[in-house]
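Observations on chain architecture
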Amino acid sequence: MNKIAFVTDSTAYITKELRNHPDVYVLPLNINFNGEDFEDGVDLTTDELYTRIRTEKEVPKTSQPSVGRFAELFETLKKNYDSAVCVHISSELSGTFSSAVQGSDMTEDFHVEVIDSKCMSYAITHLLNQGIRLAGEGNTASEMAAELRKHAGQTENYILLGSLEQFYKGGRMSGAQYMLGSVLKIKPVLRIDPDGKFELFERIRSEKKAMNRLVDLLHASFESSLIEEVQIMHGNVVDKAKQLEAKIKEKMPSLSVITGEISSTIAVHAGEGTLALIWQKKS
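It should be emphasised that the depicted structure is a prediction, and the values quoted were computed from it without experimental measurement.

With that settled, the discussion passes to the domain arrangement of the protein chain. Taken domain by domain, the protein chain comprises domain 1 (4–29 + 64–151) and domain 2 (155–280). Computed over C-alpha atoms, the centres of domain 1 and domain 2 are 26 Å apart. Counting residues at the interface gives 14 residues for domain 1 and 23 residues for domain 2. On the surface where domain 1 and domain 2 come into contact, there are two residue pairs in polar contact (both at pLDDT 80 or more).

You can see S104 is positioned in helix α4 (residues 96–105). Of the polar contacts made by the side chain of S104, one reaches the backbone oxygen of V101; its length is 2.6 Å. S104 has contacts with F74, V112 and V114, leaving out every residue within four places of it along the chain.

A word on the packing of aromatic side chains. Scanning the entire structure with this criterion turns up five aromatic pairs. Plain terms: the ring middles of Y25 and Y81 are 6.0 Å apart, the flat faces sit at 90° to each other, and that makes the pair edge-to-face. Of this pair, Y25 sits in strand β2 (residues 24–27) while Y81 is found in the loop between α3 (67–77) and β6 (83–88), placing the two residues 56 residues apart along the sequence. Of the residues examined, Y25 reaches a relative accessible area of 25% and is grouped as partly exposed. Note on Y81: relative accessible area 6%, which makes it buried. Judged by centre distance (5.6 Å) and plane angle (25°), the rings of Y158 and W279 are stacked. One end of the pair, Y158, is in strand β8 (residues 155–160); the other, W279, is in strand β13 (residues 275–280), with 121 residues separating them in the sequence. The burial state of Y158 is the same as that of W279; both residues are buried. Among the aromatic residues, those joined into a cluster by ring pairs are Y158, F201 and W279. The ring of Y81 carries the charged tip of K3 above its face, separated from the ring centre by 5.0 Å. Between R52 and the ring centre of F33, over which it is positioned, the NZ or CZ distance is 4.6 Å.

What counts and what doesn't
Residues numbered from 1 in each chain as written. Predicted model: local features only at pLDDT ≥ 70, side-chain atom pairs only at ≥ 80, totals over all residues. Heavy atoms only, no water. Domains from an automatic or database assignment. Contact = heavy atoms within 4.5 Å. Polar contact = N/O pair within 3.5 Å; in protein donor to acceptor, adjacent residues only side chain to side chain. Helix = DSSP H or I, 4+ residues; strand = E, 2+ residues; numbered from the N terminus. Phe/Tyr/Trp six-rings, centres within 6.5 Å; stacked < 30°, edge-to-face > 60°. Buried < 20%, exposed > 50% of the residue type's maximum accessible area, 1.4 Å probe, protein only. Lys NZ or Arg CZ within 6 Å of the ring centre and 35° of its normal.

Below, the structure written as structure tokens:
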């Protein structure tokens, strides 16, 4: 028997297929509002999150699942599985990866592979889908993890922030960068680099120009490699996501476009109005 469980966290974009997959398990990150704790995607929806952010002064805080939660899950999984493959948000952006590693160390007689995706959102989804395909081909957890680690960090991930203030208050931006962006009305385009860290990619003076810049970056990559699909993730701005999709389709009609919402945990830091463009580079 080579039965493998797949574990991820709530920063991933959980498609309908993953949600209904019997071997996929999602541990939610935690969101704290004025002393109240919520589990991302379980007892706090994105709509509820945005409403509370608009009406309350305090910016919520996020935290990773505890080591104990992971250990408890692994103890449960080992009753029905031979091993588990975990794919989590970049270790540079969250302590979730570390919690998973420590939780696996506490679990005896169960093989757990923990993979640092060096990314978040749909980029994690892509790795999970790869892993499920590899499992279907008969690969072991070790073989699968080795392959997925090769692809981690190969995703292009550009983010047009919805809220400079939330990003700053969440500790993701320096005071000088925040002041500069606020005063000059700059729309910063962020990038997750190959090591899984946020970096300021460009400062652009308007949202329209920023969206066009995202399309140009995608087009350059599209022409130089065999990209077949791009993902648009948004923070409660379906209309803007559709505008971005229309721009992409106009320039690259053959490219498949998937649109979805960022998780509540990501929205806490990036803010309502965020747009992200994600695609997977060919190795």
